[in-house]
Structure formats: C-alpha cells, structure tokens
Amino acid sequence: MSVLDNSIEQLAQQVSSGDVSAAQCVDASIAQIRAQNDSLNVMISDCEDAARERAASIDAKIAAGENAGPLAGVPIAIKDGICTAGHVTTAGSKMLENFAPPYDATIVQRLNDAGAICIGKANLDEFAMGSSTENSFFGVTKNPWSTECVAGGSSGGSAAAVASGIAPASIGSDTGGSIRQPASFCGITGIKPTYGRVSRFGLIAFASSLDQIGPMARSAKDCAILMNVLSGHDVKDSTSARNDVPDFAADCEQDIKRLRLGICRQHFEEGLNEEVKASVEEAIKALESLGAETVEIDLPHTKHAVATYYVVAPCEASSNLSRFDGVRYTSREPAEKLIDMYSQTRKVNFGEEVIRRILLGTYSLSSGYDHELYKKASQVRRLIKNDYDAAFEKVDVIVGPTVPTTAFKIGQHAQDPLAMYLADIYTASANLAGVPGISLPCGFSSDGMPIGLQLQSNMFWESTLLKAAHQYQTQTDWHSKRPQS
Amino acid sequence: MNATIDRDSIKFSDAKLIVGLEVHVQLKTDSKLFCGCSTKFGSDPNTQTCPVCTGMPGTLPVLNQKALALSIKTGLALNCEIARYTKWDRKNYFYPDLPKGYQISQFDKPVCGEGFVEVKVPKSDQPSRKIRLERAHLEEDAGKSIHDESGKGGVSRIDLNRTGTPLLEIVTKPNIRSAEEAKAFLTELKQILEYIAVSDCNMQEGSLRCDANVNLHFEIDGETIATPIVEIKNLNSFRAAERAITHESKRQFKQWKKSGESIHDAPKQTRGWDDSAQCTTPQREKEESADYRYFPDPDLIAVIITDEEIETAKNSLGELPASLRTTLQSEYGLNEYDSAVIVSAGRKMVDYFRALADGSGKDGKPNGKMASNWVGQEIMRYLNEHNATIEDYPVSAETLADLLSRIVGGEVDQTRGKEVLAEMLSSGCDVQSAFDKLGIVKVDSGDLDALCQQLIDENPAVIEEIKGGKLKAVGSLIGKARQINPNVNPGVLREAILKIIGI
Amino acid sequence: MSQSHTSAQKIASLARIELTDEESAKVQSEFDSILEYIHQLDEVEIPDGTEPFFGATESTNAVREDAVVPSFDREEILKNAPDSDGEFYRVPPVL
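The model shown is predicted, which means the values in this text are computed figures rather than measured ones.

Engineer: Would you mind going over the overall build of chain C with me for this structure?
Structural biologist: Helix and strand content of chain C: three helices and two strands. Mapped from its N terminus to its C terminus, chain C presents α and β elements in the order α-α-β-α-β. Over its C-alpha atoms chain C spans a radius of gyration of 23 Å, topping by over 25% the 12 Å that the globule rule assigns to 95 residues. Based on the C-alpha atoms only, the size of chain C along its principal axes is roughly 55 × 45 × 20 Å. Residue burial in chain C is summarised as follows: out of 95 residues, 46% are buried. Summarising the internal contacts of chain C: among those between residues at least 6 apart in sequence, 26% fall at separations of at least 24. Total accessible area on chain C stands at roughly 5,100 Å², and carbon and sulfur atoms take up 48% of it. Seen as two clouds, the 7 positive and the 21 negative side-chain charges of chain C have centres 12 Å apart.

Engineer: Just checking my understanding: could you explain the pairing of strand β11 (residues 208-220) of chain B for this structure?
Structural biologist: On a regular strand, each side chain points to the face opposite its neighbour's, so the side chains alternate between the two faces of the sheet. Residue and element names in this part refer to chain B. Within β11, ten of the 13 residues are buried, which leaves the element mostly enclosed by the surrounding structure. Sheet topology note: the strand β1 (residues 16-26)/β11 ladder contains ten bridges and is antiparallel. Paired with Val23 across the two strands is Cys210, which belongs to β11. Note that β11 and strand β13 (residues 230-235) share four bridges and pair antiparallel. Its bridge partner lying in β13, Asn213 is registered against Glu231. Note: β11 against strand β12 (residues 223-226), four bridges, orientation antiparallel. Considered in β12, the bridge of Phe218 is made with Ile225. Where β11 folds back onto β12 in an antiparallel hairpin, the turn is made up of two residues, including Asp221, whose phi is positive at roughly 50°.

Engineer: Even after reading the chapter, I still don't get the packing of helix α12 (residues 445-458) of chain B against helix α14 (residues 474-484) of chain B, so can you show me in this structure?
Structural biologist: Geometrically, a packed helix pair is captured by the angle between its two axes and the distance between the axes. Residues and elements named next belong to chain B. The contact between α12 and α14 brings their axes to 11 Å, and the two run at 125°. One finds that α12 runs oblique with respect to α14. Considering the relative orientation of α12 and α14, their crossing is right-handed. Here Leu451, Gln454 and Leu455 of α12 lie close against α14, whose contacting residues are Leu477, Lys480, Ala481 and Ile484. Tallied by class, the residues present in the contact of α12 with α14 amount to five nonpolar, one polar and one charged.

Engineer: What's the story with the interface of chain A and chain B in this structure? I'm lost.
Structural biologist: Chain A puts 40 residues into the contact, and the matching count from chain B is 31 residues. Across the chain A/chain B interface, buried area totals approximately 2,700 Å², and carbon plus sulfur atoms make up 60% of it. Among the residues chain A hides against chain B, the three largest losses belong to Ser238, Arg323 and Arg328 of chain A. Together they make up 21% of the total. Connecting chain A to chain B are one salt bridge. Here Arg200 of chain A and Asp299 of chain B are joined by a salt bridge, their closest N and O atoms 3.1 Å apart. Run the count over chain A and chain B and you get 16 residue pairs in polar contact (both at pLDDT 80 or more). Breaking the side of chain A that touches chain B down by element, the ones donating at least two residues are α10 (305-320), α11 (338-349) and α12 (352-365) of chain A. Partitioned by chemical class, the residues of the side of chain A that touches chain B number 19 nonpolar, twelve polar and nine charged.

Engineer: Hey, could you run me through the confidence of the model for chain C in this one?
Structural biologist: Parts of the model with low pLDDT should not have their predicted coordinates read in detail. Residues and elements named next belong to chain C. Per-residue confidence for chain C gives a mean pLDDT of 89, with 93% of residues at or over 70. Within chain C, the element-level pLDDT minimum falls on helix α1 (residues 4-14), averaging 78, and the maximum on strand β2 (residues 89-91), averaging 97. Between residues 1-5, whose pLDDT stays under 50, and residues either more than four places distant or in other chains, the model counts 13 contacts. In the predicted complex, the global pTM is 0.93; the interface-specific ipTM is 0.97.

Engineer: Looking at this structure, I do not really get unusual backbone geometry. What am I missing?
Structural biologist: Negative phi is the rule for most residues except glycine; trans is the rule for most peptide bonds. Here the amide bond leading from Gly153 of chain A into Ser154 of chain A is cis, since omega sits at 5°, within 30 degrees of zero. Here Ser154 of chain A is to be found in the loop between β5 (146-150) and α5 (156-163). The backbone of Asp363 of chain B sits at a positive phi, close to 55°, despite the residue not being glycine. Mapped onto the secondary structure, Asp363 of chain B falls in the loop between α7 (347-359) and α8 (368-386).

Engineer: Is there a simple way to think about the interface of chain A and chain C in this case?
Structural biologist: Every contact between the two is made by 69 residues of chain A and, on the other side, 56 residues of chain C. Applying the counting rule to chain A against chain C returns four salt bridges. Connecting chain A to chain C are 21 residue pairs in polar contact (both at pLDDT 80 or more). If you list the elements that add at least two residues to the side of chain A that touches chain C, you get α10, α11, α12, α13 (371-394), α14 (417-421) and α15 (428-433) of chain A. Looking at which element gives the most residues to the side of chain A that touches chain C, the answer is α13 of chain A, with twelve residues. Considering only residue class, the side of chain A that touches chain C consists of 34 nonpolar, 18 polar and 17 charged.

Engineer: Just checking my understanding: could you explain the packing of aromatic side chains for this structure?
Structural biologist: When we look at a pair of aromatic rings, we describe it by the centre distance and by the angle of the planes. This structure, assessed with the given rule, holds 26 aromatic pairs over all chains. Ring centres of Phe137 of chain A and Phe138 of chain A lie 5.1 Å apart, and the angle between their planes is 80°; this geometry places the pair in the edge-to-face category. Overall, Phe138 of chain A belongs to the partly exposed group, its relative accessible area being 27%. Both rings, one in Phe107 of chain B and one in Tyr294 of chain B, keep their centres 4.3 Å apart while their planes meet at 20°; by these two values the pair is stacked. Taken together, the residues span a long stretch of sequence, with Phe107 of chain B in the loop between β5 (102-105) and β6 (115-119) and Tyr294 of chain B in the loop between β15 (279-282) and β16 (295-296) at a distance of 187 residues. For Tyr294 of chain B, a relative accessible area of 28% gives the class partly exposed. Among the aromatic residues, those joined into a ring-pair cluster are Phe99, Phe127, Phe324, Tyr329 and Phe350 of chain A. The ring centre of Phe116 of chain B lies 4.6 Å from the NZ or CZ of Lys130 of chain B, which sits over that ring.

Engineer: So what exactly am I meant to see when it comes to the sheet that holds strand β9 (residues 260-264) of chain A here?
Structural biologist: Sheet strands pair by backbone hydrogen bonding; their relative direction is either parallel or antiparallel. Residues and elements named next belong to chain A. Taking strand neighbours across the sheet as the criterion, the eleven strands line up as β1-β3-β2-β6-β8-β7-β12-β13-β11-β9-β10 in an open arrangement whose pairing is mixed. With one partner strand each, in any of the chains shown, β1 (43-46) and β10 (293-297) form the two edges of the open sheet. Neighbour-to-neighbour, the strand axes of the sheet open up by a mean angle of 30°, direction not taken into account. Pairing geometry for strand β7 (residues 189-192) and strand β12 (residues 437-444), over three bridges, is antiparallel. Bridge pairing links Ile191 to Ile438 in β12. Helix α4 (residues 106-113) rests against β2 (75-79), β6 (169-174) and β8 (212-217) of the sheet, and its axis sits at about 180° to β2.

Parameters at a glance
Residues numbered from 1 in each chain as written. Chains lettered and ligands numbered in written order. Predicted model: local features only at pLDDT ≥ 70, side-chain atom pairs only at ≥ 80, totals over all residues. Heavy atoms only, no water. Helix = DSSP H or I, 4+ residues; strand = E, 2+ residues; numbered from the N terminus. Rg over C-alpha atoms; globule rule 2.2 N^0.38 Å. Buried < 20%, exposed > 50% of the residue type's maximum accessible area, 1.4 Å probe, protein only. Contact = heavy atoms within 4.5 Å. Areas by Shrake-Rupley, 256 points an atom, 1.4 Å probe, with all protein chains shown as cover. Lys, Arg positive; Asp, Glu negative; His and termini not counted. Charge placed at Lys NZ, Arg CZ, Asp CG, Glu CD. Pairing = 2+ DSSP bridges. Axes fitted to C-alpha atoms, helices over the stretch in contact; angles between N-to-C directions. Parallel < 35°, antiparallel > 145°, perpendicular 65-115°, else oblique. Left-handed = near helix turned anticlockwise from the far one by under 90°. Nonpolar A, V, L, I, M, F, W, Y, C, P; charged D, E, K, R; others polar. Buried area = accessible area lost by both parts, 1.4 Å probe. Salt bridge = Lys/Arg side-chain N within 4 Å of Asp/Glu carboxyl O. Polar contact = N/O pair within 3.5 Å; in protein donor to acceptor, adjacent residues only side chain to side chain. pLDDT = per-residue confidence, 0-100. Phe/Tyr/Trp six-rings, centres within 6.5 Å; stacked < 30°, edge-to-face > 60°. Lys NZ or Arg CZ within 6 Å of the ring centre and 35° of its normal.

Written as structure tokens, this is what we have:
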C-alpha cells in the first residue's frame, strides 16, 4: 500500500505530524508516474526537481514546528492548460511546446500556500477542446480501467492521474463537461464549481465565459478539502466572485434528510445507455434512503445546450486563440511575409479540432456570414439559465447521469466530430448557466467501465453537492474501487 | 452611376463637404488600462510590459478605475450622455503590435453617448455651430511597429510599451462642413481636454491622434449624390488635418467629375496624408474588408455608473473654455479676440489674468482691458522668449496688479511702468523697490503747479498756439517737462496746464 | 449552409489559418453537418425581450486603483519569443 492511498485529510495529517515525509509522498508519486506513464500517457511533463525542493522545504517547516498547511505534502497533478511559473505549460499544443510562463496561475499559488506539491502537468485535449484527450499534441491518454478506451476529456490526464494512483488529487478545468466527463469515465469524483468561484487567472482560456477550474479526487470529501483551498475572490480575475466561501469539508458532514432531488425527464430519454440508466436509478434510490426526496422537474431548453455550446464556445475560442500568432511566445513557422508567417504558424501548430473550432467561431461571429447565430445562441443560453432558476425554486439538487455512456474506444469518434460533441449533452448546460456540477462514481458497466452520477445545484451551492456526494459515498464503495494496474 | 446626371455643369462650389472626425485621446493615468504597467512615454522598448499587456495565455484584464473616471469627466465636458451601464467588447484583427489578436474596446454600450462641442471658426463672420458627437468610448491602445523603411524588406520590430495605454476615442457625426471648421473643432476639443486635465494632448508623442472621414454631397434635381467616403489616417497636426481635408475634397471633386463614381459604387477607402508632398495617397487595402467580429469581452464585467459618480465628475470640471471666454467678455469687457487669446493660453493664464484685472480694478470694477493688454503684450512676449508657462512667470499677479493700480492712479505712466516691470523681472524686487531704484516718486500737486507755471512762463509761443486751438502742441511741453522731472505723469500734467491757461 | 461551400477558404484567411483546397473541402463538409445541428436553434421560440446571456456572471464593477506595478524584466518577457533582438520582438515584413 502506498502512502498515497490515504485520503487527503489523512495524508496531510500524517505529513504535518511527521509520520510521513513530504519527500516520501513525492517519491511515491514519481514512482507511480514511472510505472504508469509509458502505458497510459497521463502526464505531459513531471515537475520532479521542483517537487523534491518543495518537499524538502515543507519537511523543514514541519521539523521546525511550523504549520505546513491543510494540504501539506499532498502531490497534485495539474492540467497542463494551467500556468506554472518557469515550468513549460503547453495546453496540449505544439503551439506552446516550449512556453514557460513567467507567472503562476492563482490556483497554483493557493495550492502552494496550502502546502500541496505540484507533481507534474497532466495531459489534455489541445486547448481543452475535446472530450477524449485524443486531441493532445502529446498523444492520447488511456483509461486506467481499459487501455483501449479513452480517459475522457478534456481533463483526461487529470482524471487518469487520480485513477491510476499517480496523485491523490488533480486539478482540471471544465468548459462543457471537461472535469465531470473524464471523472465519470475514470471512476473518480470531480466538481465543476460555480462560475467565478475559483479564479481563472493563469488558466489558458478556451471559452472564457464557460471555463471553470475545479478539483478531481477519489472522493467528494477530498474534493471539498481542495475546494476550501481553491475558492475565493481574486483581484486578478474580474469575473471572480466576491461571495463568501463556506467550509466545504465541514459541510460534508451534514445529513441530506429532506434534500429535494430534481429528476429531469430529458436526462433519461433516448441515447442513454441502459446500464448507465440502471446505475443512476440505483444511486437515486440510495440517496432517497438517506432521506432525500425526489421531485420531477423540467429543463425544456437543455436539449439545445449542445447546439448553444457549440456556438458560444467556438466564438469565444476563435478570439481567445488569436494571440497564438508566432510573434511573442509561441512556435513560429518561417515565412517571407508576415501574413504567411501567421497562417503557416497557425496551420502547423494547431491541431485539427482546434482549427475546426476556430473556423466555426470565426464563421459564427463574422458579419458576412452567421453573426445572428451568436446572439441567438446567447438568448437560448438565457432560456437555459431561466430553466435552472425555475427548477431551483422547487429542488436543491438536480440528479442524473454525467454522460450517456461509459468511456468509448480510442478512435471511435475520430471521423465524426458531431458524435463526439454529443458526449457533452448532460454537462454543457451547467457551464452555460454558470451553475456547479459534480460527477461521482455510481457503478460499473458489464465490461467493467465506471459509470458517473451527476449532481447539479444552484449558483454557489457547492456545499450541497459535496454533502450529497459525500453522504452517498459513506453508504457506497464505488469510489474506492481501483483499476488493476 | 447615374447616367442622366450632367456632371459638366457642376462646379466645386456646388459641392457640400461632409466631414466626420475620429479623435483618439490618451488618458492621463499612471498605469495602463488593464494592468499595472506604467504609461510613461519614451522608455526603452519593451520595458513597460508584463504578461497581461503582452497577451500571454491565461492572463486577464482588470479595469483601471481612473481611466473610467477620466472618460466620464471628458464626456461631461463634451456635453455627452453618460451611460449608466457600460461594457467592453473585443474587436478582432491580427497585427503584430496587437498582442491578443483583439483590441478591448466598446461596441454598443460606450461610456459616453451623444454630445456636442460649440465651435466658432476664427476670423470668420459665421456664428458658432454645435459640432455633434456620436459617442466616445474607452479602449486600449496598440503597441508600436517599426518597419524597415529601406525598401529592402527587412524585419519589422515591435515595441509593446504603449500597448494597453487607455484611449478615449471621440467620434463626431458627419457634421463638419469645412476644413477650417474641422481645425477649429480640434483646437476647441484640445483646449477642453487640457482644461479638464484628462490628457497631455501631445501630438508629437501621439497622445492626441486624428482620422478624418471625408466625402462630398451634390444636390442635383432634388436628389443627393454622395462621393465614396475616404478615411484619411495619420493626421499628426491640426494644420495637417485642415490641409488634408481641403486637398481631399478637391481630389474627390476631380475624381467624381471624371468617373461619376458614387458612394454606392465603391467601399470606404483609406488614404494617408503625406505632409511633405501635401497630398493624400491611397493606403494599401487590407486583405479582406474589415470584419472585426465584435462580441462582448467575457473576461470583463459591465460597469454601472451612479448619479453620485457623475455628480462628482461634474464638480471636478471647473469652468470650461467657452464659458470662460464669455465671462472675460461680459465681466472684464474684453473683445472676442482678446478673450480667446487669454483662454487659449490655459486655465492658469486665465487665473492670472483675473487676479491681475481684479487686483488693479477700481470701485469694484475689474481693470479688464488694461490687464488684457499687459498680459497679451508684456507677459506673452516674455513667455515666448523664455519658452515658459505662466506658472514660471517671475512676477505674481498681485505684484503686477500693484503696478497697474499705480499707473491707473497716476503715480507712474505706462512707459515708465514698463521699465518698472523690466526691473522687477530682472531683480525680482517688488514695485516699491523698483520705483526707488528707478527714482520714481510721485509728483505732488505743489510741484506740479510750479512745473506748469515754469513751462507756461518759458514757452509763451506754444501757449499762444494752444489757446489758438492747437491742443496737440501740449505734447511739446510734456516732452520738456519730462526733461525737468522724469516722474511727471503726462496725462496729469496735460490736464493741469490746460486748466491753468483756462481751456 | 450551402453558403459554407464557398466560405471555408475566406473564413480561414480571416482566422489566419492556411488551408489547402483538400482541407477546405473537408472543413466544409464537417461544417455542413455541425451547422445543420447548430441551426436547430432557429426553431427555438425566443420570447420577446429575452436578453442575451453573455457571461456566466452578471455582477458588475470590478475595477482596480490606478497604481503602477513594476513591469517584468524585458529579458523575462522576450525569453519565449521566437525572434527578438533583445530589445524588440521581430517579425517578417508586414507588407
């Protein structure tokens, strides 16, 4: 048994009390990267030297009797779309193959201040655009439960890092389901917080109004501990929320008696895999047995969430990715004239899916083509938000599947971008409305692949999600299953 | 093209000139619009940059409060509607000195809505006109590209120090009717901006930049025919703006006579003003027509402007140039020209003038005309010679008012007064010390009577002439008197002599 | 949507991405199916006065004081540049 098998709370306590050294945690994590990365391709880079230095300074602090923080010595894998000062941050793109930002993301600073150790940078779909991590310039991440399957995406590396035991927790980002879907595929717990709850400063933007950073871990309680560290206002992010941050970990301990669970018919209609459906229904029963009540609700516009998402996200992305132009910090293709340098650099260094979305966004914003599309989609986005507002008048939590299926085979959707986009069908609406959502394991398919349960709540009600998920995990053991390595 | 129109009979004087201006004003903040880098001009290239203003991935903009406050202040000074809800949008285009590939600007909710500037073309008998403003919006400046001018196709170099400097873009309606009026508008605008201290307005340093949209309208058989709109860029002085518009209007007229091309036949073109050749020249068209794909910037949130903020901004404006010119005319009795001269020299000069006129006035009435003469001649000449501003002028308004009062009171005449001022300027002394140094003492009435009697006794022929009606002859007595006593006041002496001889 | 058949190349040039004829044909066909899906939005009934929702936050007024923060060292800023002379970024001629 590895020290990393402990819960985060236990691990940090052991490190703080000196029972386990931070150096041992780093050793265990690095050993696991060595053992797993060749076959799973979870990490784009490790931070071994920096991690050992950090561990030494944490151990010295503890030896001197100082408080090393609530995450003392906890190794954490960080999605490589999040900037780490002085350490190459690629966003999974050839474009940023050699880019070492001179600044940390705000969440990286917060993690450091809490005593956590960044162990390496996890693989992702290029610029977080994808649902399978197949779009990474650095190759596909394989699912620790079956190497024939994808780990999901875009935070596939972050999910697989936790599932494969490389780190007890990781950081992902979620634009249309990019934390929840890979968490579901890899059998772990991951939460997309309320938009604005966690600072986006240092997160390489895909679609700024949808992107949100969040933790991924083995349990809801671990996620809650991380949420305590990640959350809070940041003056560097104008969209960061000024709301008070509760003690998420403490709130987990409350019961869920009389919690009103909304069941949305649209989440159980055609396209939902029968095994997934059965597991989710079973999980709802388990929540009822804990005292929750179920209420039927209607989210009539969520069926348009994917279409809305695939207008809004590419529009913002087409603009966000204009800065990658070969002038200041990216790769560059040589050319005689500026305009050719631009179009060569962007052709060669962006992958196919990124180009597809940039073009789609450019098309949708262009006055010559479909500029009404962006406005229309933004109006539908309002209707989706209104649906949520109405639903949360009646219920505290909306419960349903995270993804219609379990992890699909690598290459299965390679020829059909649209089929891949539909993997976001249950998750994208939370990003559009800004509400939080959590995915947690609730069973396995007959071929042994994890199934995820999604809970969503009103803005800033993460405590309720984490509490419900934690209470469920006190009654079930799906979250403690490990793939055979 | 309308084939039925007989262009041959149309003269240039039949054309109505239509001009709209876009003025970019750099706002006077210490730090940039969306990050903390300094806005100082003239530093070494790329030394005033950071990850935010170089557009590094993951970085985010945070709005500079002062830039917004200065925009509100400007809007109020330009009689604009101030938005209660304002937001920022992205204007997308690629250029190497635009780090993010988009400029953060404002599209549909600018800080300032419609307004106007009252403009009078100098030395013309046209009454003043309101030049209508469309809007004014707050945006970030781009960096600087330095291209290889050798023609050998060398690399371009990029300096991002200026990137992110706050700019207020003021857009007029196509409401300007002549090149002179355009220049007068720009002059008045600059004066207002200087008065409210929102910008350095230094055209050499690029803190004030101007583009002009120009075309011609012809009324033919009750129909308006318009020539294609041309945007003239790179107008780096007000004179250049005036000349470029004049040149462009003539060029468009000739072109239209030749081709008959109207606004419906050609898209907006961009031309540059060549100051050395004194003509506009076509600028290379962009690869595709401008398609900026504006959309709301999701990294920034809207700003609500409250009544209190607007009230505070209003109270900080001070009296504006137009109102000051009126005040100088109505309260100080100046003519239009003199009031314009003083107001155009800046708020400090107006303050100086008012202190001078008030301090040297009599019976609660300011000494406007005389103060204006002294300011316009003595002080302005000194400031020009010394390349100084009124704040550097060595003689305070109070001191100079003392001197002017003594001139008014007859202690000293204007000519000697100027000698006194020269003495004060060179030695830094006060009026009385200068009088003492120059030996100026007030001639009392006994001395004056004696002097008059002496002059009358010694110059009987002149006295006869005066009595015969040739009053001018008194002048020769005054000359003689000043040889006897240089302090004698010519006006007073003249009156005394005439009184004694009974005229 | 048939519009896209003529537009992929133009859109690509607007986005500064070079596409070969073959690539643009592929993009066009993918666009067709994606846009067909997206245009389901045309059927959504939008009640009058529905304000577009552009950002997931509708709070307002995030501003900072006008205070100068020291800039980064030029070396640090230019370090990641594909071409610089130590003072300036360098790019191929614009024209």
